[in-house]
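Secondary and tertiary structure notes
Read off the chains here:
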Amino acid sequence: MISASMRFDHLGVVVPNLQIGRDHFFKMYGINNWTDEFFDELNGVCVQFGQTKDKFCYELIAPIDNKSPVYNVLSKNKNILNHIAYIVDAIAVCSEKLLRNNFVPLGEPNKAVAYSLQRVQFFYSKEFGYILELIEAPNFYHDYNSPWKHEDTAVSLFDDSKDTTESQKELH
């Protein structure tokens, strides 16, 4: 384990823009519980966090422009399911352990707007080919009390309040 105090935060997914991402995640997974949008010029992205009814968190990540670090992800349609993120007490301590276990940093730690300017750092697992984000914000929790709610009257594919046949008809 990287750190005894680490806790799962989110799974990051790259989307063309946040509205398209919210629409998809509502339709496919019923997510209608969102944080505010965060325009993060420091990292070249717009992000927003959505939570499923069983408390699983997705981060939608959209490029600000063609210089954004995720712009090529969209243009190449690779690594759309982008990263796994954990909150930790100290990135430096965790970094040492990651380096000893075949991870390489994808840059220096950087402040992130979505985490109240606390530091984040990305690492790549050379052994398994995935990206890990560490967030140095041990007391941070997402605020899902945003006014963002899905505006469409169609129901999610996973809306239990209607029978499946009726839900399917509404989506077509």
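Residues numbered from 1 in each chain as written. Predicted model: local features only at pLDDT ≥ 70, side-chain atom pairs only at ≥ 80, totals over all residues. Heavy atoms only, no water.

**Comments concerning the packing of aromatic side chains**
The line we're drawing: Any pair of Phe, Tyr and Trp rings, taking the six-membered ring for Trp, is counted once the centres come within 6.5 Å. Such a pair is stacked with planes under 30 degrees apart, edge-to-face with planes over 60 apart, and tilted for the rest. Each helix is a run of H or I in the DSSP string that is no shorter than four residues. Each strand is a run of E no shorter than two, and both are numbered from the N terminus. Note on classification: 1.4 Å probe, protein chains only; a residue is buried when its accessible area is under 20% of the maximum for its type, exposed when over 50%, partly exposed between these limits. The rule is short: NZ of Lys or CZ of Arg within 6 Å of the ring centre and within 35 degrees of the ring normal puts a charge over the ring.
With the rule as written, the count across this model stands at 9 aromatic pairs. Pairing F8 with Y86 gives two aromatic rings, centres 5.7 Å apart and planes at 85°, and the pair type is edge-to-face. Pair noted here: F8 is in strand β1 (residues 7-14) and Y86 is in strand β5 (residues 81-88), with a separation of 78 residues, a long-range link. Assessed through its relative accessible area of 33%, F8 is described here as partly exposed. Here Y86 falls in the partly exposed class, since its relative accessible area comes to 23%. An angle of 75° between the planes, with centres 5.7 Å apart, marks the rings of F49 and Y115 as edge-to-face. A residue pair is termed long-range when its members are at least 10 positions apart, and F49 in strand β3 (residues 45-51) and Y115 in the loop between β7 (110-112) and β8 (118-125) qualify at 66 residues. The residues F49 and Y115 share a single accessibility class, namely buried. Site record: aromatic cluster; members linked through ring pairs are F8, F25, Y29, F56, Y58 and Y86. Over the aromatic face of Y141 sits the side chain of R7, whose NZ or CZ is 4.0 Å from the ring centroid.

**Structural notes on unusual backbone geometry**
Trans is the common state for peptide bonds, and a negative phi is the common state for residues other than glycine. Even without being glycine, N79 reaches a positive phi, approximately 65°. Its location among the elements puts N79 in the loop between α2 (71-76) and β5.

**Comments concerning the environment of Y141**
Within the secondary structure layout, Y141 lies in the loop between β9 (131-136) and α4 (164-171). Sequence-wise, Y141 and I87 are 54 residues apart; in three dimensions their C-alpha atoms are separated by 9.6 Å.

**Description of the pairing of β9**
The test is simple: When DSSP locates at least two bridges between a pair of strands, those strands are taken to pair.
Here β9 lies mainly inside the structure; 6 of its 6 residues are buried. Here β9 shows two buried faces, one formed by I131, E133 and I135 and the other by L132, L134 and E136. Relative to β9, β8 runs antiparallel, the two sharing 6 bridges. Bridge pairing in β9 places F123 opposite L132.

**Side note on the environment of E37**
What counts is decided by this rule: By definition in these notes, contact holds between two residues if any of their heavy atoms fall within 4.5 Å. Nitrogen and oxygen atoms within 3.5 Å of one another constitute a polar contact, given that in protein one can donate a hydrogen and the other can accept it, and given that sequence-neighbouring residues count only through two side-chain atoms.
Relative to the helices and strands, E37 is located in the loop between α1 (18-29) and β2 (38-40). Those residues within four positions of E37 in sequence are excluded, and the remaining contacts are L18, R22, V47, Q48 and W148. Engagement of the side chain of E37 in a polar contact is seen with the side chain of R22, the distance being 2.8 Å.

**Here we look at the side chain of R22**
Of note, R22 is situated in helix α1. For R22, a relative accessible area of 5% gives the class buried. Reaching out from R22, the side chain makes a polar contact with the side chain of Q19 at a distance of 2.7 Å.

**A word on the layout of surface pockets**
The line we're drawing: Put plainly, a pocket is an open set of points on a 1 Å grid over the protein atoms alone with protein on both sides within 12 Å along at least five of seven lines, a cavity is a set where a 1.4 Å probe fits but cannot get out, and a lining residue has an atom within 4 Å of a point. Grid points are joined across faces, edges and corners, and a volume is the space filled by probe spheres set on the points.
Its boundaries defined by the atoms lining it, the largest pocket holds a volume of some 550 Å³. Forming the boundary of the largest pocket are 26 residues, of which N43, P69, V70, N82 and F122 lie nearest the centre. Those elements that provide at least two residues to the lining of the largest pocket are β3, β4 (57-63), β5, β7, β8 and β9.

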